[in-house]
Number of protein chains: 2
Amino acid sequence: MGTESHAAKWEQFKQYVKKMKSYEEAIGLIYWDMRTGAPKKGIAARSEVVGDLSGELFKLSVSEEMREFIDYFSKPEHQEQLSFIDKRIVNECKREYDRSKKIPPERYQEYVVLTAQAESAWEDAKEQSDFDSFQPYLEKIVEFNQEFIELWGYEGHKYNTLLDMYEPGMTVEKLDQVFGALREQVVPLLAAIQASGAKPDTGFLKQTFDQEKQKKFSLFILEQMGYDFDAGRLDETVHPFATGLNPGDVRITTRYLKDDVNSALFGTIHEGGHALYEQNISPELLGTPLCTGTSMGIHESQSRFWENMIGRSRPFWSRYYAELQANYPGQFDGVSAESFYLATNEVKPSLIRIEADELTYNLHIMIRYEIEKALFDGSVKVADLLRVWNEKYREYLGIEPANNGEGVLQDVHWSGGAFGYFPSYALGNMYAAQIARTLDRELGGLDALVAKGDLHPIKAWLADKIYRHGKSLTPSEIILEVTGEELNPDYLVDYLREKYSDIYKL
Amino acid sequence: MGTESHAAKWEQFKQYVKKMKSYEEAIGLIYWDMRTGAPKKGIAARSEVVGDLSGELFKLSVSEEMREFIDYFSKPEHQEQLSFIDKRIVNECKREYDRSKKIPPERYQEYVVLTAQAESAWEDAKEQSDFDSFQPYLEKIVEFNQEFIELWGYEGHKYNTLLDMYEPGMTVEKLDQVFGALREQVVPLLAAIQASGAKPDTGFLKQTFDQEKQKKFSLFILEQMGYDFDAGRLDETVHPFATGLNPGDVRITTRYLKDDVNSALFGTIHEGGHALYEQNISPELLGTPLCTGTSMGIHESQSRFWENMIGRSRPFWSRYYAELQANYPGQFDGVSAESFYLATNEVKPSLIRIEADELTYNLHIMIRYEIEKALFDGSVKVADLLRVWNEKYREYLGIEPANNGEGVLQDVHWSGGAFGYFPSYALGNMYAAQIARTLDRELGGLDALVAKGDLHPIKAWLADKIYRHGKSLTPSEIILEVTGEELNPDYLVDYLREKYSDIYKL
């Protein structure tokens, strides 16, 4: 087949994948709208719209036409006519096609219905701290996932197939190694902190903070980070999130708590980090499946880099504390920037992951990782979960939930079948520390830039090294290209040890 | 074919049309979002999404599958198995199919591109009062429409085919009759008003009004009208509009002018009238092409009924003026409810349709109607438009535009090819007056209810007689069923004569 018809076929394929992105974007906007203020009486009909559009999108991803495109562009003689990016577009479509095509549609449909019911069952179960009522749903969800793993195939541990959905290329073998190294260091560090007897004063964080002022400060910090308000907006929701509809429309939400100045502040910076990623994807990837973050782990590395390594750093507050004080006149009189910094970094083992400090957060994730892995190699049953959960919290964090609602039922993920997702959060911390080290070296000192409020060069460096590539590079390619080595947990360990040894004077 | 397979085929058809409505709803939400606050850098990509979804919707409306459904359900032996509503669903799909199928896709595509360019050209032309630069676009648009009319076919006047798009069944023959009757009465009434020398004091309308207070009062009036805030929301845009995404999600927007209390107030009531219609469509029509207002004219009858016959009535202000005064403390001291009522109904010939009073508004519409009719029977050319426009304004309203921007270029409609739309506005006024007369009789006095602020029974009556039917009844069926007679302009004439004779003491 000649070059001309090859080009024509590629153009058809580009139009085809662009249409798929259009469905995704429309669905994304509908979800954003549902969460930010769609009238409640319209939700049932709107869900039908989502169902119809998702159904069409799924059909496009597994159609005969898609199979033909993939077959054609996978042939060596056609591959060699493709650019690097174009090959990756084909790969991504093939990945999606293979994954979707291997599941019988009727089984998938059953699974979708099950998880929809399970989420609702989970909500009730959590509220009533009643694991027993949720257990049968969870058992079925695990069974479905075991069946899907057999259909998809796996190498090594069965859980690898689930990990790969969220972090392409990630394996149990790798995670055992990096989480092992992390645990070895974090557990004694936590013990040392607890033994130190030091406890920062945090009382001044718990005043009443005017919501409009919180919003104003959130907007100010976003602007400092280089968030582009012509390509996004900030709204309020119960559960904060970021959504990249296209690089020119990346919206974030936050939550203003009356009695907690930090919730909206760090929530906004966190979602702002996700948003910087999506806003800075190269325009050449627009309308392709590569126009998104490369993985959950790399995405989370950016939210957590901005939230913790920038937002919870000493130079950040040496630069911005005066603005915070001015934003809340009188409310921080007599509180020094250093005191605010220390309070904002209090280490305190807790039962709730989403409120955890930077150090113990990783332990929360390891607990879930170990449980999920065990569920899929069969060494733990769903019926054992309650016991195992509580044992692990006692072991890692020295505390135990008073009830299942704040224990095994606290996270929504399992009700949706999102096994393999949790490790992304801790991977994000490790990636972030590793990337920060390189950034620090290449830009001649991260702290110095932050202390001057010079955040835009940081954003520009990250955009160039990571953001612009979207999904055209894999997570491991990115980490290798940017830092010169594979994922290495030592950077996070060093970062945590240095930061908390200083704070707790160890 | 047996009953069972008939039922199965109907179910397939229902799913098919539901999917079409899903596309419409998604597109509607995207437009709402674009107008209310989508970040500007995302608009180009979002337009591609609209293009892709609209393209799919169009394909569904003219597909081979649709043709088979229509053929099957149009057969007498299958028709008789359908309910009244189901027959109307088939009719509506057939109407859409026939209309779309008759235009060669490549000609339609050219036309879409042309109108997109024309709207942009119109914006510039209007700003610079430069009709010449817009003329070539308008000529092409008229030519396309003439071509389409030949393809669609027509009975009687060619313009009938365009009228039928917005007001099914409406004809030049009918409009000439009703507009003739209206003109015969309105023109001398206007002359009498102008000769009366009376001029209500309107100065107090032009103060500075706090935007938050305007919003609060708008929300209050909507709530009084029975607008359901669990099935809608109020936002702010430059050009106010209402959009019914589904009956549980009918959103309206308004515009707050700092120096004009009436713009947001009556704009909100107007859009609220549209919204009451869409919110009260019967749930049994959900997911069908009948789940919308039956025509532009009937829709406009509801916005204008609520805006003018309720909102600009004396009993309305006898009931709500105290609330208005309380909403703007001190700003209406010494202004009586009667003075406010009179000011709000000032008759004053103007060049701008959208700011016209209730009486002269109809003359603005007749001018456009006469011009459009003449464009399509060939008695007027686009090149003559400037002259004809100014002549007609002098004839009907006694004034002439100083420039084309406030003259022939004032409305966006023609740039989008929306010929046949304008008459809906005046039809709305006529329908509204006719319906109001029946309502008045059946509810034992409209004014008495309004004077008590008892607006919910009015809404309930309209919902029962009109709103719930959606598009399952035609405009002429509705007007006949509700009022017992066909469209009759005398009701509007009587209403106007009575109202303005009183106000201007004729």
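Predicted, not measured: the structure shown is a model, and the values here were computed from it. (Residues numbered from 1 in each chain as written. Chains lettered and ligands numbered in written order. Predicted model: local features only at pLDDT ≥ 70, side-chain atom pairs only at ≥ 80, totals over all residues. Heavy atoms only, no water.)

Novice: Kindly report on the pattern of salt bridges, identifying the contributing residues and their values.
Specialist: Here the structure, examined in full by the defined rule, presents 86 salt bridges over all chains. With its nearest N and O atoms 2.7 Å apart, the salt bridge here joins B:R46 to A:E25. Taken together, the positions of B:R46 in helix α2 (residues 43-62) and A:E25 in helix α1 (residues 3-36) put the pair across two chains. Between B:R497 and B:D494 there is a salt bridge; the shortest N-O distance is 3.8 Å. Placement of both B:R497 and B:D494 in helix α21 (residues 490-503) is noted, with a separation of 3 residues, approximately one turn of the helix. Classification of B:R497 by relative accessible area gives partly exposed; the value is 35%. (Salt bridge = Lys/Arg side-chain N within 4 Å of Asp/Glu carboxyl O. Helix = DSSP H or I, 4+ residues; strand = E, 2+ residues; numbered from the N terminus. Buried < 20%, exposed > 50% of the residue type's maximum accessible area, 1.4 Å probe, protein only.)

Novice: Requested: an account of the pairing of strand β3 (residues 249-254) of chain A, with residues and values cited.
Specialist: Residues and elements named next belong to chain A. Burial analysis of β3 places 6 of its 6 residues in the buried class, the great majority of the element. As judged from the 3 bridges shared by strand β1 (residues 234-236) and β3, these two strands associate in the parallel manner. Following the sheet pairing, E236 is matched in β3 by T254. Pairing between strand β2 (residues 242-246) and β3: 4 bridges, direction antiparallel. Bridge assignment links G244 to a residue of β3, and that residue is V250. Between β2 and the antiparallel strand that follows it, β3, lie 2 residues. (Pairing = 2+ DSSP bridges.)

Novice: Please set out the packing of aromatic side chains residue by residue, giving values where relevant.
Specialist: A complete count under the given rule lists 80 aromatic pairs over all chains for this structure. Here A:Y328 and A:F332 contribute two aromatic rings whose centre-to-centre distance is 6.2 Å and whose plane-to-plane angle is 75°, an arrangement assigned as edge-to-face. Accessibility assignment for this pair places A:Y328 and A:F332 in one class, buried. Taking 5.1 Å as the distance between ring centres and 85° as the angle between the ring planes, the aromatic pair formed by B:F179 and B:Y369 counts as edge-to-face. Here the residue B:F179 occupies a position in helix α9 (residues 172-196), and B:Y369 occupies one in helix α15 (residues 358-377), the gap between them amounting to 190 residues. B:F179 sits in the buried class, given a relative accessible area of 1%. Its relative accessible area of 2% is what places B:Y369 among the buried residues. Over the face of the ring belonging to A:W152 we find A:R99, whose NZ or CZ atom lies 4.6 Å from the ring centre. (Phe/Tyr/Trp six-rings, centres within 6.5 Å; stacked < 30°, edge-to-face > 60°. Lys NZ or Arg CZ within 6 Å of the ring centre and 35° of its normal.)

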